[in-house]
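Observations on the model geometry
Given next are the chains, with one letter for each unit.
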Amino acid sequence: MIEPSFLKHYMGFTEKEVQKICNQYNMDFNMMKSWYDGYHLKNDVSIYSPRSIIKALAEREYGNYWSNTGTFGTLKEYIGMNKDRLKDTIIDLLAGKHITVGTSSFQNDVSLFNSKDDVLTLLIHLGYLGYNGAKQEVYIPNKEVIDSFVQSIKQMNWGEPTYAFNNSMELLNATWNLNEEKVAEYIEEAHLETSIIQYNDENALAYTIYFAYIAANKYYTIIRQLPTGFDFADIGFIPYNPTYPALLVELKWNKDVNGAIQQIIDRKYPKILEHYKNNMLLVGISYESNSKNKNYKHHTCKIIKA
């Protein structure tokens, strides 16, 4: 998984093979990709877990098939070790961050695990993390693995993160129902005492939003810095099923939330999703902080239909 060499085409199903399988069995390739892609062994090779693809075909349903394997227990075990504040790193990864890792010390012997990097390297080999060799970074590759991490954390009961995961679906429902007050409340509750939440700019705020909306992965492809043709929307939520509204989210730090909505309109962000006209929500989220009081944090939200 780290140095595949000439075996890179044989570590799993390639993207071309999955496309062929989807055509043969009338399955949605884009759904397969969002659920099971993400292992980029080299720039020209993206592989998929054969077991997950076969299970999805057999069940005619896209879902998490990792949680029925023996490695799921291993995931909980090694996260629970919390080497070098590993739990904070997992939260960072769930928020969409890529984390630098050193893989050279890994010896495939749990008794010799001395650092967080050793555990992260093991998770690469087990398939719970993708690896970018050029940048020496790890990341969570797809929806199936996101779901596995969330299930693990819920079962271990991590306190605030578990609470945030449980609230995530309520946050999504509040967004669909244009309940601005509730959306702001849930995002504020997701502002945890972890490394990803200590933010003081709009880019860092985006990680918090991604984390808070973790349940949305079931319904949407979530794109940071969605290109609109004129500029970039901070976060775009593209629905798999057109019965759900598309979401365009603009973030502001220490600025009026109405300015976020006005920016979406003025810069014509909705044009990129014009086929969702009359089924789109424009969401502005603002975070207000106070340099004199580090415990002060306040979120506001504005939602309009487009």
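Relevant structure appears above.
Figured I'd write up the structure that's included with this text.

Criteria and thresholds
- Residues numbered from 1 in each chain as written.
- Predicted model: local features only at pLDDT ≥ 70, side-chain atom pairs only at ≥ 80, totals over all residues.
- Heavy atoms only, no water.
- Axes fitted to C-alpha atoms, helices over the stretch in contact; angles between N-to-C directions.
- Helix = DSSP H or I, 4+ residues; strand = E, 2+ residues; numbered from the N terminus.
- Parallel < 35°, antiparallel > 145°, perpendicular 65-115°, else oblique.
- Left-handed = near helix turned anticlockwise from the far one by under 90°.
- Contact = heavy atoms within 4.5 Å.
- Nonpolar A, V, L, I, M, F, W, Y, C, P; charged D, E, K, R; others polar.
- Pairing = 2+ DSSP bridges.
- Phe/Tyr/Trp six-rings, centres within 6.5 Å; stacked < 30°, edge-to-face > 60°.
- Lys NZ or Arg CZ within 6 Å of the ring centre and 35° of its normal.

1. Considering the packing of helix H8 (residues 160-176) against helix H9 (residues 180-189)
One can describe the packing of H8 onto H9 by two numbers: an axis separation of 9 Å at closest approach and a directional angle of 160 degrees. The angle between H8 and H9 falls in the class roughly antiparallel. By crossing handedness, the relation of H8 to H9 is classed as left-handed. Residues Tyr163, Asn167, Glu170, Leu171, Ala174 and Thr175 of H8 lie in contact with H9, whose contacting residues are Lys182, Val183, Tyr186, Ile187 and Glu189. Residues that form the contact of H8 with H9 fall into these classes: six nonpolar, two polar and three charged.

2. Observations regarding the sheet that holds strand E4 (residues 99-100)
By definition, the strands of a sheet pair up through backbone hydrogen bonds, in either a parallel or an antiparallel sense. What the three strands build is an open sheet, ordered E4-E6-E5; its pairing is antiparallel. Edge positions in the open sheet fall to E4 and strand E5 (130-132), since each of these has one partner strand only. For E5 and strand E6 (residues 137-139), the ladder comprises three bridges, and the chain directions are antiparallel. When the sheet's bridge partners are listed, Tyr131 is paired in E6 with Val138.

3. Details of the packing of aromatic side chains
Summed over all chains, the structure comprises nine aromatic pairs. A ring pair is formed by Trp66 and Tyr128, whose centres lie 4.6 Å apart and whose planes are at 40 degrees; its orientation type is tilted. Residue Trp66 is found in the loop between helix H3 (50-59) and helix H4 (71-81), and its partner Tyr128 is found in the loop between helix H6 (116-126) and E5; the two are separated by 62 residues along the sequence. Each ring, one from Tyr213 and one from Phe237, has its centre 5.3 Å from the other, and the planes form 65 degrees; the classification is edge-to-face. One end of the pair, Tyr213, is in the loop between helix H10 (202-212) and strand E7 (220-227); the other, Phe237, is in strand E8 (residues 232-239), and 24 residues separate them in sequence. Put simply, the rings of Trp66, Tyr128 and Phe149 touch in pairs and so form one group of aromatic residues. Lying across the ring of Tyr207, Lys97 places its NZ or CZ 5.0 Å from the centre. Against the face of Tyr207 rests Arg224, its NZ or CZ located 4.9 Å from the ring centre.

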